[in-house]
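Inside the fold
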Amino acid sequence: FPVTIPTINNAASNYPTLKSPQEIMTLTASAATGTVAFDTKTQSVLFYQNDATANWVVNVRGDSSTTLSSLMDVGDSITVTFLVTQGSTAYYNTSVQVDGTTTGVTTKWQGGTAPTAGNASSVDAYTYVIAKTAATPTYSVFASQTKFA
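Residues numbered from 1 in each chain as written. Predicted model: local features only at pLDDT ≥ 70, side-chain atom pairs only at ≥ 80, totals over all residues. Heavy atoms only, no water.

Counting buried residues along strand β5 (residues 77-85), seven of its nine residues qualify, which places the element largely inside the surrounding structure. Judged from the four bridges that link them, strand β3 (residues 45-50) and β5 form a sheet pairing that is parallel. Each bridged residue has a counterpart across the sheet, and for Tyr48 the counterpart in β5 is Val84. Direction of pairing for β5 relative to strand β8 (residues 123-134): antiparallel, over a ladder of nine bridges. (Buried < 20%, exposed > 50% of the residue type's maximum accessible area, 1.4 Å probe, protein only. Helix = DSSP H or I, 4+ residues; strand = E, 2+ residues; numbered from the N terminus. Pairing = 2+ DSSP bridges.)

And the structure:
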């Protein structure tokens, strides 16, 4: 996660620019259903390529043996995207967990309302900006759903 950058002694380098970062994506033939584990240690984008079969909960964590909390300091944020293929019957994300719980997790949806449906015959992109706001741990999750067809 954190990248240590050596001190730069060149005044012309005081405003470094990041150009076209590459993100790791996991492609899977899975279908969204139940609880979907989103492992931030191995991906920033997760693409489920088979049609969703039911509504789901997304659980953002480090991986099966590492909590997201242990990877983040208070004041850190991480952005992840879950791409969900939808068939003629569409489903949606009903809840966001961090490290297997909604305790201490406040999710705010773009537009002020959580989705109540998916978008048929499309790919729904769910983007989550997760900010660790206290050591308890406490998180603010800023979530959005966007249709791609």
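Inside soluble globular proteins, nonpolar side chains tend to come together where they are buried. In this structure, Trp56, Phe82, Tyr126, Tyr128 and Ile130 are the most contacted members of the largest nonpolar core, which totals 26 residues. Sorting the residues of this core by element identifies β2 (34-39), β3, β4 (56-61), β5, β6 (93-98), β7 (105-109), β8 and β9 (138-148) as the ones contributing at least two each. It is β5 that provides the largest number of residues to this core, a total of four residues. (Core = buried A, V, L, I, M, F, W, Y, C linked by side-chain atoms within 4.5 Å.)

This part is about the environment of Gln145. Residue position: Gln145 is located in strand β9. Spatially, the C-alpha atoms of Gln145 and Gln110 are 7.9 Å apart, while their sequence positions differ by 35 residues. The residues touching Gln145, leaving out its near neighbours within four places in the chain, are Tyr92, Trp109, Pro115, Ala117, Gly118, Asn119, Asp124, Ala125 and Tyr126. Here the side chain of Gln145 touches Ala117 through a polar contact of 3.0 Å, landing on its backbone oxygen. (Contact = heavy atoms within 4.5 Å. Polar contact = N/O pair within 3.5 Å; in protein donor to acceptor, adjacent residues only side chain to side chain.)

Looking now at the sheet that holds β7. Whether parallel or antiparallel, the strands of a sheet pair through hydrogen bonds between backbone atoms. Pairing within the open sheet is mixed, and its six strands lie in the order β1-β3-β5-β8-β9-β7. At either end of the open sheet lies a strand with only one pairing partner, and these are β1 (25-31) and β7. Strand-to-strand twist in this sheet, taken as the mean axis angle between neighbours without regard to direction, amounts to 20°. One ladder, built from five bridges, connects β1 with β3; its direction is parallel. For Leu27, the partnering residue across the bridge sits in β3 and is Phe47. (Axes fitted to C-alpha atoms, helices over the stretch in contact; angles between N-to-C directions.)

Moving on, we come to the pattern of salt bridges. This structure, assessed with the given rule, holds two salt bridges. Asp39 is the partner of Arg61 in a salt bridge, and the nearest nitrogen-oxygen pair spans 2.5 Å. With Arg61 in strand β4 and Asp39 in strand β2, the pair connects residues that are 22 residues apart, well separated along the chain. Taken as a pair, Arg61 and Asp39 share a single burial class, namely buried. The salt bridge partner of Lys41 is Asp63, with a shortest N-O separation of 3.8 Å. One end of the pair, Lys41, is in the loop between β2 and β3; the other, Asp63, is in the loop between β4 and α1 (68-71), with 22 residues separating them in the sequence. (Salt bridge = Lys/Arg side-chain N within 4 Å of Asp/Glu carboxyl O.)

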